[in-house]
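Observations on the model geometry
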Amino acid sequence: MMENVVITVSRQYGCGGRELATILAKKLNVKLYDKQIIHLAAAKLGINDLSEEELKELENTVEPMTLTYVPFHSFGNHAGESSRGMFIAEAGVIRRLANDGPCVILGRSADYVLEDEPNHFSIFVCASDEYREKRGKIVYEGKTLKELNQENEKRARYYNYYTGKKWGDPANYDLVVNTSSGSLDEIADAIINYIKTIRK
């Protein structure tokens, strides 16, 4: 029943979404894709000599209030490459990975890219401010709630810009999960059971 399911996980920063995606992939014995997608997309664009930090900056260069994309000029020989090109390349990689077989894909607006795929199940992971603030101190090297929210604003801006949808809107996902109470392991089991139930 879960043999062909591709699960996409979008998440608020600091809620444990990455850990939850990792647990889901392990329980389902499938691959987890996240940062690899950035590098595969960069390779498609012919960009092979940027650091991971530079690649992240390339794909996240989005002007929040304009209707045209912002060319990315900061890395010398790569002038002319754009965040729009990076998004399109990532979308192609995501579709290819989804066609290759069951997997879990973290972030990258994959829920939007795969929204018409019948074997796709999308999840949005969130948590209370109190829970995220606590994790910010313990798990995220002392980041404040304000810093976590700034990352959320960046994710929302990127998602909204490229998809035309609102990041975190429950209507965009098959399931919204709050990690504030209960263990991530238990939540992962509940998600798997939920998917199995609705796919019967």
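Please refer to the structure higher up on the page.
My aim in this report is to walk through the structure given alongside it, one point at a time.

The rules behind these values
- Residues numbered from 1 in each chain as written.
- Predicted model: local features only at pLDDT ≥ 70, side-chain atom pairs only at ≥ 80, totals over all residues.
- Heavy atoms only, no water.
- Helix = DSSP H or I, 4+ residues; strand = E, 2+ residues; numbered from the N terminus.
- Buried < 20%, exposed > 50% of the residue type's maximum accessible area, 1.4 Å probe, protein only.
- Core = buried A, V, L, I, M, F, W, Y, C linked by side-chain atoms within 4.5 Å.
- Contact = heavy atoms within 4.5 Å.
- Expected span 1.5 Å × (residues − 1).
- Arc of directions from axis to C-beta.
- Axes fitted to C-alpha atoms, helices over the stretch in contact; angles between N-to-C directions.
- Parallel < 35°, antiparallel > 145°, perpendicular 65-115°, else oblique.
- Left-handed = near helix turned anticlockwise from the far one by under 90°.
- Nonpolar A, V, L, I, M, F, W, Y, C, P; charged D, E, K, R; others polar.
- Salt bridge = Lys/Arg side-chain N within 4 Å of Asp/Glu carboxyl O.
- Phe/Tyr/Trp six-rings, centres within 6.5 Å; stacked < 30°, edge-to-face > 60°.

**Comments concerning unusual backbone geometry**
Look at Arg-108: it is not a glycine, yet its phi comes out positive at around 65°. Residue placement: Arg-108 occurs in the loop between β3 (103-106) and α5 (110-113). The class of Arg-108 is buried, set by a relative accessible area of 12%. With phi around 55°, Glu-141 is a residue other than glycine that occupies positive phi space. Inspection of the secondary structure assignment puts Glu-141 in the loop between α6 (129-138) and α7 (145-163).

**Let's talk about the nonpolar core**
Membership of the largest hydrophobic core comes to 23 residues, with the highest contact counts inside it found for Ile-7, Val-9, Leu-20, Leu-24, Val-104, Ile-123 and Ile-191. Those elements giving two or more residues to this core turn out to be β1 (6-11), α1 (17-28), β3, β4 (120-126), β5 (175-178) and α8 (184-198). Of the residues forming this core, the biggest block, six residues, is contributed by α8. If we ignore the near neighbours within four places in the chain, the residues touching Leu-24 are Val-9, Val-104, Ile-123, Ala-188, Ile-191 and Ile-192.

**Brief notes about α1**
The end-to-end C-alpha separation of α1 is 16 Å, in line with the 16 Å expected for 12 residues at 1.5 Å each. Restricting attention to buried positions, one finds in α1 the residues Gly-17, Leu-20, Ala-21, Leu-24 and Ala-25. Looking straight down α1, one finds that the buried residues subtend no more than 135° of arc, so they occupy a single side. Directly beyond the C-terminal end of α1, a positive phi value near 55° is found at Asn-29.

**Things to note about the packing of α1 against α8**
Packing of α1 against α8 brings their axes to within 9 Å, and their N-to-C directions diverge by 55°. Taken together, the axes of α1 and α8 lie oblique to each other. Handedness of the crossing formed by α1 with α8: right-handed. Residue-level inspection shows Glu-19, Leu-20, Ile-23, Leu-24, Lys-27 and Leu-28 of α1 in contact with α8, the latter providing Leu-184, Asp-185, Ile-187, Ala-188, Asp-189, Ile-191 and Ile-192. Its residues placed into classes, the contact of α1 with α8 shows nine nonpolar, no polar and four charged.

**Quick look at the pattern of salt bridges**
Scanning all chains against the criterion turns up 10 salt bridges. One salt bridge connects Lys-27 with Asp-189, and the closest N-O pair in it is separated by 3.0 Å. One end of the pair, Lys-27, is in helix α1; the other, Asp-189, is in helix α8, and 162 residues separate them in sequence. Judged by relative accessible area, Asp-189 falls into the partly exposed class, the value being 33%.

**Observations regarding the environment of Ser-181**
On the secondary structure map, Ser-181 appears in the loop between β5 and α8. Expressed as a C-alpha distance, the spacing of Ser-181 and Ala-127, which sit 54 residues apart in the sequence, is 8.6 Å.

**Points about the packing of aromatic side chains**
To describe a pair of aromatic rings, one takes the distance between the centres and the angle between the planes. Evaluated as defined, the whole model comprises eight aromatic pairs. Measuring from centroid to centroid gives 6.2 Å for Phe-87 and Tyr-158, while their planes differ by 65°, and the two rings are edge-to-face. Taken together, the residues span a long stretch of sequence, with Phe-87 in helix α4 (residues 83-100) and Tyr-158 in helix α7 at a distance of 71 residues. Site record: aromatic cluster; members linked through ring pairs are Phe-87, Tyr-158, Tyr-161 and Tyr-162.

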